[in-house]
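Descriptive analysis of the structure
For reference, the chains in residue letters:
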Amino acid sequence: MSRAVRVSTRNASFQQWQALLSNRTKRHRAREFLVQGVRPISLALDHGWEIRDLIYPDRQSLSAWARDVIERSGARRVAMDPALVAELADKESAELIAVVGLPDPPELPDADLVVVFDRPSTPGNIGTLIRSADAFGAAAVVITGHAADPYDPKSVRASTGSIFALPVIPLDGPGPLLDWAAATGAQLVGTDEHGAVDVADHDLTGPTALLIGSEASGLSAAWRDAADVLVRIPITGAASSLNAATAATVVLYETQRQRSS
């Protein structure tokens, strides 16, 4: 195993990694982002993502899991002053921080279920939706329009590693997805509190793209026009609507329920 690089000051490398936490432009310019936590790092490794550096507290013992990740990844080892690791970490006890390369944008898959999130503004909602899409069998998540960054630390954390398990595809607008729908025969099912039909009463067993609107304003006019149907989730109580990621989870569950019946 090669000798570790030691970082004991806020040098240029530390400042670059620190910037990746909060600066979207620098993340995408450097084509890398920071990942923390046992499950996210393990899934990044298991799914073949490029792990460039593994940062850990200098002169502290590592768990068997951390030693295995360092051995398997082939990444550069960075032994960092523990106080500096704590500055990069969500918590002071972070054992490993991975610097992971951003992939090239993937193509829409040859699949029968994708989720489209239109102009999401909250990274945590993106991560939560990705986690639900992974849990309920979607093949990809499409992020459209002016949106928060899926590789923001809050999104990666909320996905609990699912961001490494299925493609996340950025699109400017509906065009490519409409071409995909025409090629696959997929229906475009939008969600709206004033939709024409309850989600449980609409057939979701065939090839489908689920369209989820932004937290503040719902689906854009372009996506509403593109939708074959708008479905609603019946709710009661004082709540006027559901959080966007929560609504997506409900519709994904209903889709899986229909397909497994």
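Residues numbered from 1 in each chain as written. Predicted model: local features only at pLDDT ≥ 70, side-chain atom pairs only at ≥ 80, totals over all residues. Heavy atoms only, no water.

Our focus in this paragraph is the sheet that holds strand E8 (residues 168-171). The strand order E8-E7-E6-E11-E9-E12-E10 describes an open sheet built from 7 strands, whose pairing is parallel. Because the sheet does not close on itself, it has two edges, and the strands there are E8 and strand E10 (197-198). One ladder, built from 5 bridges, connects strand E6 (residues 113-118) with strand E7 (residues 140-144); its direction is parallel. Among the inter-strand pairings, Val 116 is bridged to a residue of E7, identified as Val 142. Here helix H8 (residues 175-184) sits on the sheet in contact with E6, E7, E8, strand E9 (187-191) and strand E11 (208-212), set at roughly 155 degrees to E11. Helix H10 (residues 244-260) contacts E6, E9 and E11 of the sheet and is inclined by roughly 160 degrees relative to E11. (Pairing = 2+ DSSP bridges. Helix = DSSP H or I, 4+ residues; strand = E, 2+ residues; numbered from the N terminus. Contact = heavy atoms within 4.5 Å. Axes fitted to C-alpha atoms, helices over the stretch in contact; angles between N-to-C directions.)

On to the packing of aromatic side chains. Here the structure, examined in full by the defined rule, presents 6 aromatic pairs. Where Phe 33 meets Phe 164, the ring centres are 6.1 Å apart and the plane angle is 15 degrees; that geometry is what we call stacked. Of this pair, Phe 33 sits in strand E2 (residues 32-36) while Phe 164 sits in the loop between helix H7 (153-158) and E8; the two residues are 131 residues apart in sequence, bridging distant segments of the chain. Phe 164 carries the same exposure label as Phe 33, and that label is buried. Taking 6.4 Å as the distance between ring centres and 55 degrees as the angle between the ring planes, the aromatic pair formed by Trp 49 and Tyr 151 counts as tilted. With Trp 49 in the loop between helix H3 (38-46) and strand E3 (51-57) and Tyr 151 in the loop between E7 and H7, the pair connects residues that are 102 residues apart, well separated along the chain. Aromatic ring contacts, followed pair by pair, group Phe 33, Trp 49, Tyr 151 and Phe 164 into a single cluster. (Phe/Tyr/Trp six-rings, centres within 6.5 Å; stacked < 30°, edge-to-face > 60°. Buried < 20%, exposed > 50% of the residue type's maximum accessible area, 1.4 Å probe, protein only.)

This part takes up the environment of Gly 124. Tracing the chain through its elements places Gly 124 in helix H6 (residues 123-135). C-alpha separation for the pair Gly 124 and Ala 148, spaced 24 residues apart in sequence, amounts to 9.3 Å. Once you skip the residues sitting within four places of it in the chain, Gly 124 turns out to touch Lys 154, Ser 155 and Ala 158.

Going through the model one piece at a time under the given rule, you end up with 15 salt bridges. For Arg 259, the salt bridge goes to Asp 112, with nearest N and O atoms at 3.3 Å. Residue Arg 259 is found in helix H10, and its partner Asp 112 is found in the loop between strand E5 (97-101) and E6; the two are separated by 147 residues along the sequence. The exposure class of Arg 259 is partly exposed, given its relative accessible area of 28%. Classification of Asp 112 as partly exposed rests on a relative accessible area of 37%. (Salt bridge = Lys/Arg side-chain N within 4 Å of Asp/Glu carboxyl O.)

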